[in-house]
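# Architecture and fold: a report
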Amino acid sequence: MMEMDAEKKFSRELRSFSSLAVINIAFSGIAMALGLAVAVISIQELLSGWAAINAAASAVGLAAFALSIRWLLAVTELFDGLDDIRDEYSRVKAVRDQQALAGLIARLAAHYRSNRQLISRVILLTKVAGACFVANGAFILLQAALNTPANWAGALGAVAASAVNFGVGAAGLSIPHFFREYSRCWEARLEGIAEAEKSLSALMEGE
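Nothing here was measured: the structure is a model prediction, and the numbers come from that model.

Calculation rules
All residue numbers here refer to positions counted from 1 along the written sequence of the relevant chain. At least 70 in pLDDT is required for a residue's local features to be given in this predicted model, at least 80 for side-chain atom pairs to be given and counted, and no such filter applies to totals for whole chains, interfaces and linings, which use all residues. Excluding hydrogens and water, the side-chain values take into account all heavy atoms of the structure. Elements are defined by DSSP. Helices are runs of H or I of four residues or more, strands are runs of E of two residues or more, and each kind is numbered from the N terminus. Expected helix span is taken as 1.5 Å per residue step, with the number of steps being one fewer than the number of residues. Exposure classes here rest on a 1.4 Å probe applied to the protein chains alone. A residue is buried below 20% of its type maximum, exposed above 50%, and partly exposed in between. Directions from the helix axis toward the C-beta atoms define the arc. Aromatic pairs are defined between Phe, Tyr and Trp rings, using the six-membered ring for Trp, whenever the two ring centres lie within 6.5 Å; interplanar angles under 30 degrees are classed as stacked, those over 60 as edge-to-face, and all others as tilted. All axes here are fitted lines through C-alpha atoms, helices being fitted over the stretch that makes contact, and every angle between N-to-C directions spans 0 to 180 degrees. These descriptions rest on fixed angle ranges, namely under 35 degrees for roughly parallel, over 145 for roughly antiparallel, 65 to 115 for roughly perpendicular, and the rest for oblique. Should the near helix be turned counterclockwise from the far one by less than a right angle, the crossing is left-handed, whereas a clockwise turn marks it as right-handed. Note on contacts: a residue pair is in contact if any heavy atoms of the two residues lie within 4.5 Å. When residues are grouped by polarity, Ala, Val, Leu, Ile, Met, Phe, Trp, Tyr, Cys and Pro land in nonpolar, Asp, Glu, Lys and Arg in charged, and all others, Gly among them, in polar. Every patch collects residues that have over 30% relative accessible area and no salt bridge, joining them within 9 Å if they carry like charges and within 5 Å if they are nonpolar side chains (Val, Leu, Ile, Met, Phe, Trp, Tyr). The Shrake-Rupley method, run with a 1.4 Å probe sphere, supplies the accessible areas, and residue values consider only the shown protein chains as cover. Any carboxyl oxygen of Asp or Glu within 4 Å of a side-chain nitrogen of Lys or Arg constitutes a salt bridge here. Lys and Arg are tallied as positive, Asp and Glu as negative. Neither His nor the chain termini are counted. Charge placement uses NZ in Lys and CZ in Arg. For Asp and Glu, CG and CD serve respectively. As used here, the term nonpolar core means buried Ala, Val, Leu, Ile, Met, Phe, Trp, Tyr and Cys residues forming a set that is joined through side-chain atoms within 4.5 Å.

## So, helix α3 (residues 98–114)
Taking 1.5 Å per residue as the helical rise, α3 with its 17 residues ought to reach 24 Å, and the 24 Å between its terminal C-alpha atoms agrees with that figure. Of the positions making up α3, those classed as buried are L101, L104, I105, L108, A109, H111 and Y112. Taken end-on, α3 shows its buried residues confined to a sector of 155°, consistent with a single buried face. Every exposed residue of α3 that faces more than 90 degrees away from the buried side is listed here: Q99 and S114.

Written out as structure tokens, the structure reads:
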């Protein structure tokens, strides 16, 4: 029973970690597309006539595009490490090898430790992106309320767009929350490993 509980807990931890990586790949892709769109539109307007605001907008768009690429590459690298663990877990789960499962639990904690700084930034970016989607959903509803659509199709379109924004925003806000719960377990495991290493070192020195 305890073995089954350990496997289920590890499965949930791995799923939470993967969800954080996947939603950040999606968010970075959206940010990249928006940054490029802003830059292209602003550059086209600059070609028609110089304006300081268009120059600033194009610079911001290009900077956002470049940062989004870095964000995407970093999260993709994080996801690649998880993908290896997921593949190994599929094989371990099929044969129910508890020793191998213990090794995977240690590998997941080690993956978290080696990417701790990146994960902290990713969590912050996820929350910010989630809040932006929620705010955009509210803005769409407010705009529809102030400027009543001419027909039902327009009203349904506004509601649908708002619902999509609220859904994505809710995912962006909730995934980091649940991930934090599992990260506390990894922190505890890492502390336990560190204490065990200290004890072993002290024992070796005593010999």
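## Topic: the packing of aromatic side chains
Inspection of every chain in the model, using the stated rule, returns three aromatic pairs. Taking 5.2 Å as the distance between ring centres and 65° as the angle between the ring planes, the aromatic pair formed by F10 and Y89 counts as edge-to-face. Taken together, the residues span a long stretch of sequence, with F10 in helix α1 (residues 2–48) and Y89 in helix α2 (residues 52–95) at a distance of 79 residues. Assigned by exposure class, F10 and Y89 land together as buried. With a centroid separation of 5.2 Å and 70° between ring planes, the pair formed by F17 and F179 is classed as edge-to-face. Of this pair, F17 sits in helix α1 while F179 sits in helix α5 (residues 152–206), and the two are 162 residues apart along the sequence. Summarising the burial analysis for this pair, F17 and F179 share the class buried.

## Some words on the packing of α2 against helix α4 (residues 116–146)
As a packed pair, α2 and α4 sit with axes 11 Å apart at the nearest point and diverge in direction by 120°. With respect to α4, the element α2 is oriented oblique. The interaxial crossing formed by α2 with α4 has left-handed handedness. Contacts between α2 and α4 involve W71, A74, V75 and L78 from the first element and L118, I119, V122 and L125 from the second. In terms of residue class, the contact of α2 with α4 is built from eight nonpolar, no polar and no charged.

## Looking at a negative patch on the surface
Together, E77, D80, D83, D84 and D87 make up a region of like negative charge exposed at the surface. As for its placement among the helices and strands, D80 is situated in helix α2. Of the residues examined, D80 reaches a relative accessible area of 43% and is grouped as partly exposed.

## Here's the deal with the pattern of salt bridges
By the definition in use, this model includes one salt bridge. Between E13 and K9 there is a salt bridge, and its shortest N-O distance comes to 2.7 Å. Taken as a pair, E13 and K9 lie in helix α1 at a separation of four residues, close to a single helical turn. Under the relative-accessibility criterion, E13 is labelled buried at 0%. Residue classification places K9 among the partly exposed positions, given a relative accessible area of 29%.

## Notes on the environment of E77
Structurally, the position occupied by E77 is in helix α2. Residues E77 and A21, 56 residues apart in the sequence, show an inter-C-alpha distance of 9.5 Å.

## Overview of α2
Spanning 44 residues, α2 covers 65 Å between terminal C-alpha atoms, matching the ideal 64 Å at 1.5 Å per step. Positive backbone phi, at 55°, marks R96, one or two positions downstream of α2.

## Topic: the nonpolar core
The tendency in soluble globular proteins is for nonpolar side chains to be buried as a group. Core analysis: the largest hydrophobic core is formed by 30 residues, its most contacted members being F10, F17, L108, I119, F179 and W186. Those elements that provide at least two residues to this core are α1, α2, α3, α4 and α5. Ignoring any residue separated from it by four or fewer positions in sequence, one finds F10 in contact with I85, Y89, L101, L104, I105 and L108.

## Some remarks on the environment of L108
Here L108 lies in helix α3. Judged by its relative accessible area of 0%, L108 is buried. Counting along the chain gives 91 residues from L108 to F17, while the straight-line C-alpha distance between them is 9.3 Å. Sequence-distant contacts of L108, that is, excluding residues within four places in its chain, are made with F10, E13, L14, F17, L82, I85 and W186.

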